[in-house]
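Letter by letter, the chains look like this.
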Amino acid sequence: MDILASFLGGLGLFLAGVHGLGVQVQQMAGRRLRVAVAHATRGGLSAALSGAALGALTQSSSAVTVISASLVQAGTLPLRGAIPVVAWCNIGTAVLVLLAALDLRVAALWLLGTTGCALAFAPGGGRWKSVLGAVFQLGLIFLGLALLKAGAAPLGDSAAVRAALLQAGHGLAIPFALGAAMTMVAQSSSVVTVLAIALANVGLLDGAQAGMAVCGASLGSGLSVLLVGNGLRGAARRLATFQVLFKVAGAALLALPFLLRHLLPDLPAPLSEIGLPQRLSLLFVALQLLPALLVTPFHRFMPALLERLSPATAEEALSLPEYLYDGALEDVPTALDLVAREGARLLGRLPGLLDDVREEGVGSPLPREALSAASAAVERSVGTFLQEILGRGCPREELERALAFENLNGLVSALRETVAEQAGVLEAIARRGADDPLGGLVGPLAESLHLLLTELHEAALSGDAESAATLSELSADRSVMMDGIRRRLARAGVAMQDGLDLLFRATSLFERAVWLIRRSALLLPRTGEERVSEAVPAGEDTMPLAAE
């Protein structure tokens, strides 16, 4: 019982320390960590070093893959830059495995003693508190490793354990499968490798079985990424696919020598002059390093290969910008022209959000929610592109234009959300039946808003100042008109609470959409003359609020 308590206690401290270290790192950096990663991955070498550092900090290649995938999905990190991060994060996870071959008990006690006292008596909080917390978690990891070794040692002298192992033979399939399954549960192949080293160190696993368990842990790490990334889309899903292929390749390459030696026992054992724990640590390093070295020369071809293996769906294709590319950032006027074309493309999607509630609607290739989500992804890409332009030192003559595009992109995003919500409200009204007093609102509101959105798109395409000025007049304040409609329908018999809520939401959203259209028209780029002044007549400078 004491042996089991020591073993489980060490395992619990180790797992808690690994998890706590990741939490403390996130608290130290948060959003700044993501921004720093995005900036640090612009070059191949810096991306590889960033990946290794993230792997060492989190001790989980799955966590680094998920972080990188979220950056890719948000448009902050391109797939080409994320591939070396994911490839080299695996080598960072080898730190704990290498430490497992050392006696860390004294180091653990020093870390826990000093940081524990500092945490207890240090005033306030802030970043230093998080740093001390991270070091304290590192001490827990070290102490857990020491207890694991101490708990596993007596098992080697147990007659029952040795009899069970003798009866099980020296098969390799079961250790391989157990290594994969345990990694999928623990979400860290380094954790399972440390366990394999502890068991092999006391003779409970022979060298081949422990090696196969380590290879299985690598495969399990890839499978866990596949499960965690099940909901990813587009480039983020392709990045998860790359990590799965990376892990499978490493496990297949390095499991093969163990299988050959199992079939041909006379083959010499590599590195037999060093201890088994050290050999297992080097095997884990090789599992991370060998595939990374093999794919490094082919990084630039990986995005195309991954796209063939994981082709984009219709929604994912619409989620990609059509005109923006990194090379255009070298010439600011050209880059801003491309932003204008991308913005016009986004505006062209807005009328389609109303097709389901219009009698003459042609129908969208995607459901309204999917089309809105795809447009949101493009809007984020446009925002990131504009931030890059401004961050590189936008020339003074183009600064006003860049800021106007940034404001316009925010307005387009708000307008898309408003139109999508308005379409949903009008659908709810239409379902109430033709006899309902609110039924007469659906057609006029949908057609009026569709007309204004179409005019906004055409004005963006033409760049004609007169068209924008006409649209500004058409999208004048509608609050008085909407208030009159609310009063008239209330008198006509809309007395139920849900009916009144729908009435107020439909009219309020229409007011808000018209206001956003007017503001957007004032910011549209012009080809023939200067942009219309952004000044708005008194009383129209506050966005109408939609009903909650």
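### Considerations on the overall build of the protein chain
For step 1, the next point in the chain: What the protein chain contains, in helices and strands, is 23 helices and zero strands.
For step 2, the next point in the chain: Buried residues in the protein chain amount to 46% of all 548 residues.
For step 3, the next point in the chain: A fraction of 81% describes how many contacts in the protein chain between residues 6 or more apart in sequence connect residues 24 or more apart.
For step 4, the next point in the chain: Accessible surface for the protein chain amounts to roughly 26,100 Å². Of this, 63% is attributable to carbon and sulfur atoms.

### Regarding the packing of aromatic side chains
For step 1, the next point in the chain: For the structure on display, the rule yields one aromatic pair.
For step 2, the next point in the chain: Both rings, one in F242 and one in F246, keep their centres 6.2 Å apart while their planes meet at 50°; by these two values the pair is tilted. With F242 and F246 both in helix 13 (residues 234-263) and four residues apart, the pair spans about one turn of that helix. The pair formed by F242 and F246 is uniform in burial state, with each residue classed as buried.

### Looking at empty space enclosed by the protein
For step 1, the next point in the chain: A full pass over the atoms with the stated rule returns three cavities of 30 Å³ or more.
For step 2, the next point in the chain: There is about 130 Å³ of room inside the largest cavity.
For step 3, the next point in the chain: If you trace the largest cavity, you find 14 residues lining it, with V339, G343, A344, F405 and L408 closest to the centre.
For step 4, the next point in the chain: Secondary structure elements with two or more residues in the lining of the largest cavity: helix 17 (332-349) and helix 19 (396-430).
For step 5, the next point in the chain: Per-element tally for the lining of the largest cavity: the top contributor is helix 17, with six residues.
For step 6, the next point in the chain: Taken together, the residues of the lining of the largest cavity sort by class into 12 nonpolar, two polar and no charged.

### Description of the environment of E360
For step 1, the next point in the chain: One can find E360 in the loop between helix 17 and helix 18 (368-391).
For step 2, the next point in the chain: The spatial distance from the C-alpha of E360 to the C-alpha of E447 is 9.2 Å, given a sequence separation of 87 residues.

### Notes on the packing of helix 5 (residues 79-92) against helix 15 (residues 302-309)
For step 1, the next point in the chain: Contact geometry of helix 5 with helix 15 gives a least axis separation of 9 Å together with a crossing angle of 95°. On the basis of the axis angle, helix 5 is roughly perpendicular to helix 15. For the pair helix 5 and helix 15, contact is made by L79, R80 and I83 and by M302, P303 and L306, respectively.
For step 2, the next point in the chain: A breakdown of the residues in the contact of helix 5 with helix 15 according to their chemical character gives five nonpolar, no polar and one charged.

### Topic: the nonpolar core
For step 1, the next point in the chain: I389 and L415 are the most contacted members of the largest nonpolar core, which has 66 residues in total.
For step 2, the next point in the chain: Examining the composition of this core, we find that 15 residues originate from one element, helix 19, more than from any other.
For step 3, the next point in the chain: With residues near it in sequence (within four places) discarded, L415 still touches L350, L453, L456, A513, L516 and I517.
For step 4, the next point in the chain: Counting residues in each nonpolar core, the second largest holds 21 residues, with A210, A213, F284 and L287 among its members.

### Considerations on the pattern of salt bridges
Once the charged atoms of two side chains with opposite charge are near each other, the side chains can pair.
For step 1, the next point in the chain: Within the structure shown, the criterion is met by 11 salt bridges.
For step 2, the next point in the chain: For the salt bridge of R401 with E398, the shortest nitrogen-to-oxygen distance reads 3.4 Å. Remark: E398 and R401 occur in helix 19; sequence separation between them is three residues, near one turn of the helix.
For step 3, the next point in the chain: Accessibility expressed as a relative area gives 24% for R401, which makes it partly exposed.

### Digging into a nonpolar patch on the surface
For step 1, the next point in the chain: A grouping of L256, L259, L260, L263, L264 and L267 is seen on the molecular surface, where their side chains present a nonpolar patch of about 550 Å² in accessible area.
For step 2, the next point in the chain: Considering the arrangement of structural elements, one finds L267 in the loop between helix 13 and helix 14 (276-295).
For step 3, the next point in the chain: Residue classification places L267 among the partly exposed residues on the basis of a relative accessible area of 37%.

### Some words on the side chain of R512
For step 1, the next point in the chain: Along the polypeptide, R512 turns up in helix 23 (residues 497-523).
For step 2, the next point in the chain: For the buried R512, which has no salt bridge, the nearest side chain bearing the opposite charge is E417, at an N-O separation of 5.7 Å.
For step 3, the next point in the chain: Here the side chain of R512 touches T418 through a polar contact of 2.3 Å, side chain to side chain.

### Re the packing of helix 5 against helix 13
For step 1, the next point in the chain: For the pair helix 5 and helix 13, interaxial distance at closest approach is 10 Å and the crossing angle is 30°. When the interaxial angle is binned, helix 5 and helix 13 end up roughly parallel. In terms of crossing hand, the pair formed by helix 5 and helix 13 is right-handed. Together, L79, A82, I83, V86, A87, C89 and N90 of helix 5 and A235, R238, L239, F242, Q243, F246 and K247 of helix 13 make up the contact between the two elements.
For step 2, the next point in the chain: When its residues are assigned to classes, the contact of helix 5 with helix 13 shows 10 nonpolar, two polar and two charged.

### Let's talk about the environment of G352
For step 1, the next point in the chain: Position of G352 among the secondary structure elements: in the loop between helix 17 and helix 18.
For step 2, the next point in the chain: Here G352 falls in the partly exposed class, since its relative accessible area comes to 23%.

### What to know about helix 11 (residues 189-201)
For step 1, the next point in the chain: Compared with an ideal rise of 1.5 Å per residue, which puts 13 residues at 18 Å, helix 11 spans 18 Å between its outermost C-alpha atoms and is within 8% of the ideal.
For step 2, the next point in the chain: Burial within helix 11 is extensive, with 11 of its 13 residues counted as buried.
For step 3, the next point in the chain: For helix 11, every residue scored as buried is listed here: S189, S190, V191, V192, T193, V194, L195, A196, I197, A198 and A200.
For step 4, the next point in the chain: Once helix 11 ends, the next one or two residues include G203, with phi positive near 85°.

### Some details on the side chain of R358
For step 1, the next point in the chain: In this structure, R358 sits in the loop between helix 17 and helix 18.
For step 2, the next point in the chain: On the accessibility criterion, R358 (12% relative accessible area) is buried.
For step 3, the next point in the chain: Non-local contacts of R358, meaning those with residues more than four positions away in its chain, are made with A446, E447 and H450.

### Describing the confidence of the model for the protein chain
For step 1, the next point in the chain: With 74% of its residues at a pLDDT of at least 70, the protein chain reaches an overall mean of 77.
For step 2, the next point in the chain: Low pLDDT (under 50) marks residues 528-540, which in the prediction has 23 contacts with non-local residues, meaning those over four places away or in another chain.

### What to know about the environment of G499
For step 1, the next point in the chain: Here G499 is to be found in helix 23.
For step 2, the next point in the chain: Classification of G499 by relative accessible area gives buried; the value is 0%.
For step 3, the next point in the chain: Put simply, G499 and A428 are 71 residues apart on the chain and 10.0 Å apart in space, counted from C-alpha to C-alpha.

Thresholds, definitions, all that
- Residues numbered from 1 in each chain as written.
- Predicted model: local features only at pLDDT ≥ 70, side-chain atom pairs only at ≥ 80, totals over all residues.
- Heavy atoms only, no water.
- Helix = DSSP H or I, 4+ residues; strand = E, 2+ residues; numbered from the N terminus.
- Buried < 20%, exposed > 50% of the residue type's maximum accessible area, 1.4 Å probe, protein only.
- Contact = heavy atoms within 4.5 Å.
- Areas by Shrake-Rupley, 256 points an atom, 1.4 Å probe, with all protein chains shown as cover.
- Phe/Tyr/Trp six-rings, centres within 6.5 Å; stacked < 30°, edge-to-face > 60°.
- 1 Å grid on protein atoms, 1.4 Å probe; cavity = no way out; pocket = protein on both sides within 12 Å on 5 of 7 lines; lining within 4 Å.
- Points joined across faces, edges and corners; volume = space filled by probe spheres on them.
- Nonpolar A, V, L, I, M, F, W, Y, C, P; charged D, E, K, R; others polar.
- Axes fitted to C-alpha atoms, helices over the stretch in contact; angles between N-to-C directions.
- Parallel < 35°, antiparallel > 145°, perpendicular 65-115°, else oblique.
- Core = buried A, V, L, I, M, F, W, Y, C linked by side-chain atoms within 4.5 Å.
- Salt bridge = Lys/Arg side-chain N within 4 Å of Asp/Glu carboxyl O.
- Patch = residues over 30% accessible without salt bridge, like charges linked within 9 Å, V, L, I, M, F, W, Y side chains within 5 Å.
- Lys, Arg positive; Asp, Glu negative; His and termini not counted.
- Polar contact = N/O pair within 3.5 Å; in protein donor to acceptor, adjacent residues only side chain to side chain.
- Left-handed = near helix turned anticlockwise from the far one by under 90°.
- Expected span 1.5 Å × (residues − 1).
- pLDDT = per-residue confidence, 0-100.

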